Amino acid sequence: MKAWITGALTVTLAAGSASGASPDPEPVDATLSTSKGERVQLARWRGKPVILFYEDKDSTTLNAPLKAELFARGRERGLLQSAFVVAVANLEKYDFFPAREIALSYVRDEEKKAGVPILVDLKGTLGQAPLKLPTKTSTVMLLDAEGTLVFRHSGRMKPEDQDRFFATLSGLVGQDLTAERDTEAHP
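Residues numbered from 1 in each chain as written. Predicted model: local features only at pLDDT ≥ 70, side-chain atom pairs only at ≥ 80, totals over all residues. Heavy atoms only, no water.

*Asks:* Would you take a moment to explain the pairing of strand 6 (residues 138–143) for this structure?
*Replies:* Within a regular beta strand, the side chains point alternately toward one face of the sheet and then the other, so they alternate between its two faces. Summarising burial for strand 6: six of the six residues are buried, a large majority. Side chains Ser 138, Val 140 and Leu 142 of strand 6 all project onto a buried face; the interleaved residues Thr 139, Met 141 and Leu 143 project onto the opposite face, where all are buried too. Counting the residues in the hairpin turn of strand 6 and strand 7 (residues 149–154) gives five residues, including Gly 147, whose phi is positive at 95 degrees. (Buried < 20%, exposed > 50% of the residue type's maximum accessible area, 1.4 Å probe, protein only. Helix = DSSP H or I, 4+ residues; strand = E, 2+ residues; numbered from the N terminus. Pairing = 2+ DSSP bridges.)

In structure tokens, the structure reads:
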């Protein structure tokens, strides 16, 4: 692993010095749909940091501990309005009649429970270039206010991954979110 990281860093540094500077990262954007069929672009959520969850139906609980802790820390520190939370359901395998309507109905029910709009990816858009997100797991991404990707993790987050997530989010919202909340005082 160390050799891979060193090699990747060397290639990155060499590429950057060959062109004089590393290219500026491009803002992330894609066109998806709401559960009611309205086409929307991710750019719609620029202006604040974005926490994006991309999951298929079998992966929605993989990062449930992160989701719960994120909400608890945000509520405890009065930061729930400091970032957008965007959930995207990968429904590519349900893009046929009648499964599409059943899946969309389920997403609408989940939106009501979660209190967060859930976008749907019926065409596998986020699994294609340029993002190429894995389509059969949970992926968590952080975008800055301009839409630039600053954190990405696919699969179940380990504690050290959650620590990196909260450290990165802290920088985006301008408040320390790295300290775990006091669960005795706030059950």
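*Asks:* Sorry if this is basic, but what is going on with the packing of helix 2 (residues 64–76) against helix 4 (residues 159–173) here?
*Replies:* Each pair of packed helices can be summarised by the angle the axes make with each other and by the distance between the axes. Orientation of helix 2 relative to helix 4, taken along the N-to-C sense of each, is 35 degrees, at an axis distance of 12 Å. As helix 2 packs across helix 4, the resulting crossing turns out to be right-handed. Contact residues: helix 2 offers Pro 65, Leu 66, Glu 69, Leu 70 and Arg 73, while helix 4 offers Gln 162, Phe 165, Phe 166 and Leu 169. Of the residues belonging to the contact of helix 2 with helix 4, the class tally is six nonpolar, one polar and two charged. (Axes fitted to C-alpha atoms, helices over the stretch in contact; angles between N-to-C directions. Left-handed = near helix turned anticlockwise from the far one by under 90°. Contact = heavy atoms within 4.5 Å. Nonpolar A, V, L, I, M, F, W, Y, C, P; charged D, E, K, R; others polar.)

*Asks:* Could you clarify how one ought to interpret the side chain of Ser 59 in this entry?
*Replies:* By the element assignment, Ser 59 lies in the loop between strand 3 (50–55) and helix 2. For Ser 59, a relative accessible area of 4% corresponds to the buried category. Apart from the residues within four sequence positions on either side, Ser 59 is in contact with Lys 136, Thr 137 and Ser 138.

*Asks:* Explanation requested: the packing of aromatic side chains in the structure shown.
*Replies:* The tally for this structure, following the rule as stated, stands at two aromatic pairs. Seen in terms of ring centroids, Phe 151 and Phe 165 are 5.6 Å apart; in terms of plane orientation they differ by 70 degrees. Their pairing is edge-to-face. You can see Phe 151 sitting in strand 7 and its partner Phe 165 sitting in helix 4, a full 14 residues away along the chain. Each member of the pair, Phe 151 as well as Phe 165, carries the same accessibility label: buried. Ring geometry for Phe 165 and Phe 166: centres 5.2 Å apart, planes at 80 degrees, overall edge-to-face. Across this residue pair, the class does not change: Phe 165 and Phe 166 are buried. Here a set of aromatic residues connected by ring pairs shows up, and it is made of Phe 151, Phe 165 and Phe 166. The ring of Phe 84 is capped by Lys 48, whose NZ or CZ atom sits 4.8 Å from the centre of that ring. Cation over ring: Arg 73 sits above Phe 166, and NZ or CZ is 3.8 Å from the ring centre. (Phe/Tyr/Trp six-rings, centres within 6.5 Å; stacked < 30°, edge-to-face > 60°. Lys NZ or Arg CZ within 6 Å of the ring centre and 35° of its normal.)

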